[in-house]
Amino acid sequence: DEFAEHPYRQASLSRLVTRAGIAKGSIYQYFENKFDLYRWLVLDVLTTRRNAFLESHAGPPGTSFFDRIEYMIVASTGFLLGRLGARMLEPTSDPELRELNNQMRAAGAKLTTDLVVAAQAAGEVREDFDPHVVAHLLTGMLGWGVTDAMLAKIGVDLHQLLSEPELALKLSAEEHQKLAHEGVRFVRFGLST
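Residues numbered from 1 in each chain as written. Predicted model: local features only at pLDDT ≥ 70, side-chain atom pairs only at ≥ 80, totals over all residues. Heavy atoms only, no water.

*Asks:* So what exactly am I meant to see when it comes to the side chain of Lys 34 here?
*Replies:* Tracing the sequence through the fold places Lys 34 in helix α4 (residues 34-56). One buried charge, Lys 34, has no salt-bridge partner; the nearest side chain with opposite charge is Glu 2, at 7.4 Å. Among the polar contacts made by the side chain of Lys 34, one reaches the main-chain carbonyl oxygen of Tyr 8 at a distance of 2.9 Å. (Helix = DSSP H or I, 4+ residues; strand = E, 2+ residues; numbered from the N terminus. Buried < 20%, exposed > 50% of the residue type's maximum accessible area, 1.4 Å probe, protein only. Lys, Arg positive; Asp, Glu negative; His and termini not counted. Salt bridge = Lys/Arg side-chain N within 4 Å of Asp/Glu carboxyl O. Polar contact = N/O pair within 3.5 Å; in protein donor to acceptor, adjacent residues only side chain to side chain.)

*Asks:* Help me understand the pattern of salt bridges, please; the structure alone is not making it clear to me.
*Replies:* A side chain with one charge may pair with a side chain of the opposite charge, provided their charged atoms come close. Taken as a whole, this structure holds 7 salt bridges when the rule is applied. Put simply, Glu 2, Arg 15 and Arg 19 are held in one network by salt bridges that share partners.

*Asks:* Teacher, can you tell me more about the packing of helix α8 (residues 131-154) against helix α10 (residues 173-189) here?
*Replies:* In helix packing, the relevant descriptors are the interaxial angle and the interaxial distance, both defined with respect to the helix axes. Relative to each other, α8 and α10 sit at 145 degrees, their axes nearing to 10 Å. For the crossing formed where α8 meets α10, the hand is right-handed. Facing α8, whose interface residues are Leu 138, Met 141, Leu 142, Val 146, Ala 149, Met 150 and Lys 153, α10 presents Glu 175, His 176, Leu 179, Gly 183, Val 184, Phe 186 and Val 187. (Axes fitted to C-alpha atoms, helices over the stretch in contact; angles between N-to-C directions. Left-handed = near helix turned anticlockwise from the far one by under 90°. Contact = heavy atoms within 4.5 Å.)

*Asks:* Mind showing me how you'd approach the nonpolar core here?
*Replies:* Nonpolar side chains in soluble globular proteins generally cluster together in the buried interior. Formed by 27 residues in total, the largest nonpolar core has its most connected members in Phe 65, Ile 69 and Ile 73. Elements represented by at least two residues in this core include exactly α5 (65-80), α7 (95-121), α8, α9 (158-163) and α10. Of the residues forming this core, the biggest block, 7 residues, is contributed by α8. With residues near it in sequence (within four places) discarded, Ile 69 still touches Leu 115, Leu 142 and Val 184. Within the second largest apolar cluster, 17 residues are counted, among which are Leu 16, Ile 27, Leu 37 and Met 104. (Core = buried A, V, L, I, M, F, W, Y, C linked by side-chain atoms within 4.5 Å.)

*Asks:* Looking at this structure, how should I read α10?
*Replies:* Because each turn of an α-helix spans 3.6 residues, side chains separated by three or four positions end up pointing in the same direction. End to end, α10 covers 24 Å across 17 residues, agreeing with the expected 24 Å (1.5 Å per residue, within 8%). Among the residues of α10, His 176, Leu 179, Ala 180, Gly 183 and Val 184 are the ones counted as buried. One face of α10 carries all of its buried residues, which in axial projection span an arc of 125 degrees. Of the residues in α10, the exposed ones pointing more than 90 degrees away from the buried face are Glu 174, Lys 178 and Phe 189. (Expected span 1.5 Å × (residues − 1). Arc of directions from axis to C-beta.)

*Asks:* Can you help me understand the packing of aromatic side chains in this one?
*Replies:* Each aromatic ring pair is summarised here by two numbers: the centre-to-centre distance and the angle between the ring planes. Tallied over the full model, the rule gives 6 aromatic pairs. Ring plane angle 90 degrees and centroid distance 6.1 Å describe the contact between Tyr 8 and Phe 35, whose orientation is recorded as edge-to-face. Of this pair, Tyr 8 sits in the loop between α1 (2-5) and α2 (13-20) while Phe 35 sits in helix α4; the two residues are 27 residues apart in sequence, bridging distant segments of the chain. With relative accessibility at 10%, the residue Phe 35 sits in the buried group. With a relative accessible area of 7%, Tyr 8 lands in the buried category. Counting every residue linked through ring pairs, the aromatic cluster contains Phe 3, Tyr 8, Phe 35 and Tyr 38. Sitting over the ring of Tyr 8, Lys 34 keeps its end group 4.6 Å from the ring centre. (Phe/Tyr/Trp six-rings, centres within 6.5 Å; stacked < 30°, edge-to-face > 60°. Lys NZ or Arg CZ within 6 Å of the ring centre and 35° of its normal.)

*Asks:* So what exactly am I meant to see when it comes to the packing of α7 against α8 here?
*Replies:* Contact geometry for α7 and α8: axes closest at 8 Å, N-to-C directions at 115 degrees. Crossing hand, α7 versus α8: right-handed. Side by side, α7 and α8 meet where Arg 105, Ala 109, Thr 112, Thr 113, Val 116, Val 117 and Gln 120 of the first sit next to Pro 131, His 132, Val 134, Ala 135, His 136, Leu 138, Thr 139 and Trp 144 of the second. Partitioning the contact of α7 with α8 into residue classes produces 8 nonpolar, 6 polar and 1 charged. (Nonpolar A, V, L, I, M, F, W, Y, C, P; charged D, E, K, R; others polar.)

Next comes the structure, spelled out in structure tokens:
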């Protein structure tokens, strides 16, 4: 909650331990400093939860690659609307935080690359494409692209959404689904008539 409510540099270990009801020294038994705690939270906890969340929202067994991607877009943009997930999208000039962001993005790219490789093996995606390139393009177009489209549809930027998370309720579940569907349709069929 502390890291979700405040940008990293404004988050306070003092407030965190007060909320947790523990002595400040207790934190240092497990973590070297605030950054070590944040790194654990983002890379271990958040990434693991995000990947498990996405896998659990990827549709029933046998779901096609494109349907699976659509399910995962809806799940991931919903996940990113969580304040801590959205905080990780904030641009930063802080080298430590940029590195964390890059590691999180790399984990997402690996998950997407694995899906593309499996879809190529199943004959759902052309084999002449490099799965790593496809994964990055999918993440850019469908991950960041749908998120940006969602923010534009709500009429806010990421900072406003972080300040007022209830603004996400301006987008209905049907509108959210339609954005994901349009994104996947674009990838699947392109812009040509």
